[in-house]
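Structural characterization, general
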Amino acid sequence: MQNNRAPGKDTDRDPMTKRRTSAPRRRARKKKPTQKRHGRSLFKILLIYAVLASLIVGGLWVVYLDFVVRDKFDGKKWSLPARVYARPLELYEGAALTPNLLELELTALGYRAVESVSRPGYFSRHRAGGYTRYRIYSRGFEFWDGRDKALLFDVVLGPSGVASLTAQDEHIPLVRLEPEQIGGIYPTQAEDRLLVQLSDLPPLLGEALLAVEDKDFLDHYGVSPTAIARAAWVNLRSGQVVQGGSTLTQQLVKNFYLTHERSLTRKAQEAIMSVLLEVHYSKSEILETYINEVYLGQSGARAIHGFALASQYYFRQPVSELNAQQVALLVGLVKGASFYNPWRNPERATKRRNLVLSVMHREGLINDAQLKQAQTAPLGVVKPGQNSQSTYPAFVELVKRQLARDYKEEDLRSDGLRIFTTLSPMVQRQAEEAVAKRLDNLESAYKVDGLQASMVVTSVGAGEVLAMVGDRNPRYAGFNRALDAQRPVGSLMKPFVYLAALEQPAAYHLGSPIADDPVTVTSDDGKLWEPQNYSRQSHGQVPLIEALAHSYNQATARLGMQLGLRQVAHTLERAGFDGYIPPVPAMTLGAIDMSPYEVAGIYHTLAAEGTYTPLRAIRDVLTATGQPLKRYPLQIEQRFSGPGVFELQYALQAALREGTGRQVYHRFPADLPLAGKTGTTNDQRDSWFAGFSGEHLAIAWVGRDDNAETPLTGSGGALKVWADLMSELPTRGVNTEAPEGVTFDWIDRASGKLSAEGCEGAMWLPLHSDYLPSDAVSCRLDNTGGTRSWWQRFWN
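Below or above, wherever it landed, is the structure these notes cover. (Residues numbered from 1 in each chain as written. Predicted model: local features only at pLDDT ≥ 70, side-chain atom pairs only at ≥ 80, totals over all residues. Heavy atoms only, no water.)

Here we come to the packing of helix α9 (residues 324–333) against helix α10 (residues 346–362). Here α9 crosses α10 at 110°, and the two axes come no closer than 8 Å. As far as their axial angle goes, α10 and α9 are roughly perpendicular. Contacts between α9 and α10 involve A324, Q325, A328, L329, V331 and G332 from the former and A349, R352, R353, V356, L357 and M360 from the latter. By residue class, the composition of the contact of α9 with α10 is eight nonpolar, two polar and two charged. (Axes fitted to C-alpha atoms, helices over the stretch in contact; angles between N-to-C directions. Helix = DSSP H or I, 4+ residues; strand = E, 2+ residues; numbered from the N terminus. Parallel < 35°, antiparallel > 145°, perpendicular 65-115°, else oblique. Contact = heavy atoms within 4.5 Å. Nonpolar A, V, L, I, M, F, W, Y, C, P; charged D, E, K, R; others polar.)

So, on to the packing of aromatic side chains. By convention here, two paired aromatic rings are described through the distance between centres and the angle between planes. In the structure shown here, the tally under the stated rule is 20 aromatic pairs. Note on F496 and Y603: the rings are 5.5 Å apart at their centroids and 90° apart in plane angle, and the pair reads as edge-to-face. Here F496 is found in helix α16 (residues 494–502), whereas its partner Y603 is found in helix α20 (residues 596–607), with 107 residues between them in sequence. Of the two residues, F496 and Y603, both sit in the buried class. Ring geometry for F646 and F744: centres 6.3 Å apart, planes at 90°, overall edge-to-face. Taken as a pair, F646 in helix α21 (residues 642–657) and F744 in strand β32 (residues 742–748) lie far apart in primary sequence, 98 residues in all. Since its relative accessible area comes to 7%, F646 is described here as buried. Ring pairing ties together the aromatic residues Y85, F141, F143, W144 and F420, which thus form one cluster. Cation over ring: R176 sits above W144, and NZ or CZ is 5.6 Å from the ring centre. The residue whose ring lies beneath R352 is Y340, and the NZ or CZ to ring-centre distance is 5.6 Å. (Phe/Tyr/Trp six-rings, centres within 6.5 Å; stacked < 30°, edge-to-face > 60°. Buried < 20%, exposed > 50% of the residue type's maximum accessible area, 1.4 Å probe, protein only. Lys NZ or Arg CZ within 6 Å of the ring centre and 35° of its normal.)

A word on the nonpolar core. General note: in soluble globular proteins, nonpolar side chains tend to be found buried as a group. Residues F395, L403, I419, M468, L559, L572 and Y603 are the most contacted members of the largest nonpolar core, which totals 95 residues. For this core, the leading source of residues is α21, giving eight residues. Formed by 59 residues, the second largest nonpolar core is a distinct cluster that contains L252, L287, M360 and A374. (Core = buried A, V, L, I, M, F, W, Y, C linked by side-chain atoms within 4.5 Å.)

So, about helix α5 (residues 248–256). Extensive coverage of α5 is indicated by the burial of seven of its nine residues. Every buried residue belonging to α5 is among L248, T249, Q250, Q251, L252, V253 and F256, and all of these are buried.

Let us look at the pairing of strand β9 (residues 161–167). Counting buried residues along β9, five of its seven residues qualify, which places the element largely inside the surrounding structure. Direction of pairing for strand β8 (residues 152–158) relative to β9: antiparallel, over a ladder of five bridges. Looking at β9, one finds that D154 is bridged to T166. Counting the residues in the hairpin turn of β8 and β9 gives two residues. (Pairing = 2+ DSSP bridges.)

This next bit is on the state of the cysteines. Note on terminology: disulfide describes a covalent bond linking the sulfur atoms of two cysteines. On inspection of all chains with the given rule, the structure shows one disulfide. Sulfur-sulfur distance for the disulfide between C759 and C779 comes to 1.8 Å. Negative torsions about the S-S bond denote left-handed disulfides, and the value of about -115° found for C759 with C779 makes this one left-handed. Residue C759 is located in the loop between β32 and β33 (762–768), and its partner C779 is located in the loop between β33 and α23 (790–795); the two are separated by 20 residues in the primary sequence. The class of C779 is partly exposed, set by a relative accessible area of 43%. (Disulfide = S-S within 2.5 Å.)

Here is the structure:
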């Protein structure tokens, strides 16, 4: 059907309802605005969703950052290293001490000499006649047995040591100076710090820090646009960086929580966390944490954090004792510890310090006179090398090994344990000097080089290790010869052969004769062992005391085989040696490898009158808060008879009076009884000496790391090192009072039978009271006009 509708006329009707339907054009006009409205609505919805999602994500991020901020700040902020301390210097009337040794100790602790003492950390001295009076203001210290308060006291040193000790003109029995920190066991990230509270700091430090780094610290909420603008203006006027734009809170967040990445994301995170930190914590808490956290230098692999440790590192002083110029130097280092390093860049560090002093003056923290004095003062830092916190690496290595028996490494690296050791800085410094100077002297005298040495010094009786030198360079932290150099001990073994004999008093005494004639032993493989004396001469029948004092190889080897190698080895084991002992006759002459530390262990048993005491380097271990964890008490066990060891000590004194060590008395007074034994190995590859007084035992070794020959015997090398040390130490002689069960009598040198005073060949010897010789020789008067033997001259 033809469509006759007029154009533009809407004539369509619904066939079912007969109603007119909407025209197509009208429908089109209505659809367009509907689509626009839907598009705009969708955009608005998506935008709202995006905003809400951003708010949710941002909120969750802030919540997360809030958790991070509080979790670390409320928890364990830092892994604290274990700190290792030397034994404190104890002052009491009668203590053997010289002015030189006392001042060395005070200097090492950072005490300053002044005319008038008014505060802790200072001392004065006044000499009159043969006496020196010191006025010392100690700092006080939290020891293992309680806190010693700071004390102003006077100590007078005379020719024999401490003559008097007073405080406020009243006698006091004892004063302990704070112990020197000699090392640490650091966290794996090698950060080190000393934690302090704001109350421990000089007020000037906090005020100077805020004046330079964050003047509005007390007024802002973590971020300060005003500080940023002001810092930019001040720096522009000064022509250099004087102030930073970041607040202290922002600096703390960056150092404490974040990396040093330069990005907007990191800066935004820093700003949010700074505000959160300010919301949750007080200004004093934030400032205190910053003062303990800030990086202020590098000591090798160890990072120096916090002002307290930096004060010790740069000035060897507690932070509480800092003056204005020292405060200014440390505050200046905040801007760049490496750039302003006072040792590498002293001019740059001085300029920065003086700039900080100017800021302090402008803020009214110091006056004109203080500014002038401080800006003209030297930097005052300690000499390079004196700032190491591993001052004595050989000894600290021993401490670590003994600690490893009782503590996990992670606990030592993170829990801030305080370890009090037995090391005596006074003895240690003397040992180091003896080794270094004597090796230089020996190399010069013999035209050789490459000599090395080690030394171990212990107290007699307590078994405490007082000093340890593992290298001629005492600060070298590598191979520790005192602990790890296993070398043949040579003649140091001989006293244990003779002790095995003297432990059988029914058969042997010091006057018993032994043949010093050639010895030949055929081994299972057919090889011959034929030891010779150093002089290549035999001496026939000689008493035991002479064979040991003169170190006769043939007599000693014969005696050892008479006793039995198993008996000699058992004697060495009873003395404390738990290493391998080869079951061959050469063992009697020292074919046994030991370290100097192991030698010290067995010789301490001889020096301590037969009492075995395990050598120890640790006295006490405390937590970071001062609670005791473990004590290392003295352990003693009597392993040899008193008479036998006394007789052996008598023979070892003979070795220094008339035997292989006789040159030692060129350095010591004749009335000071000392005992010891030289040791020389084949081709003079090892020079040993082990000797003791009544107070100190010292073992010295000299040789070459490549085991090459040297021109040194035991007396020509190690004995000299030993004498250099012992002649500088205040010490007392070996006990010469016979113990119960020992009596002195005259013994015939040729037969070992009883003799009488004035008879030819008579020796005045200690004997076991229950086993005196039953026979006597006919007396043939000595017509030489005087006594002949050292034992008659000294003991009678």
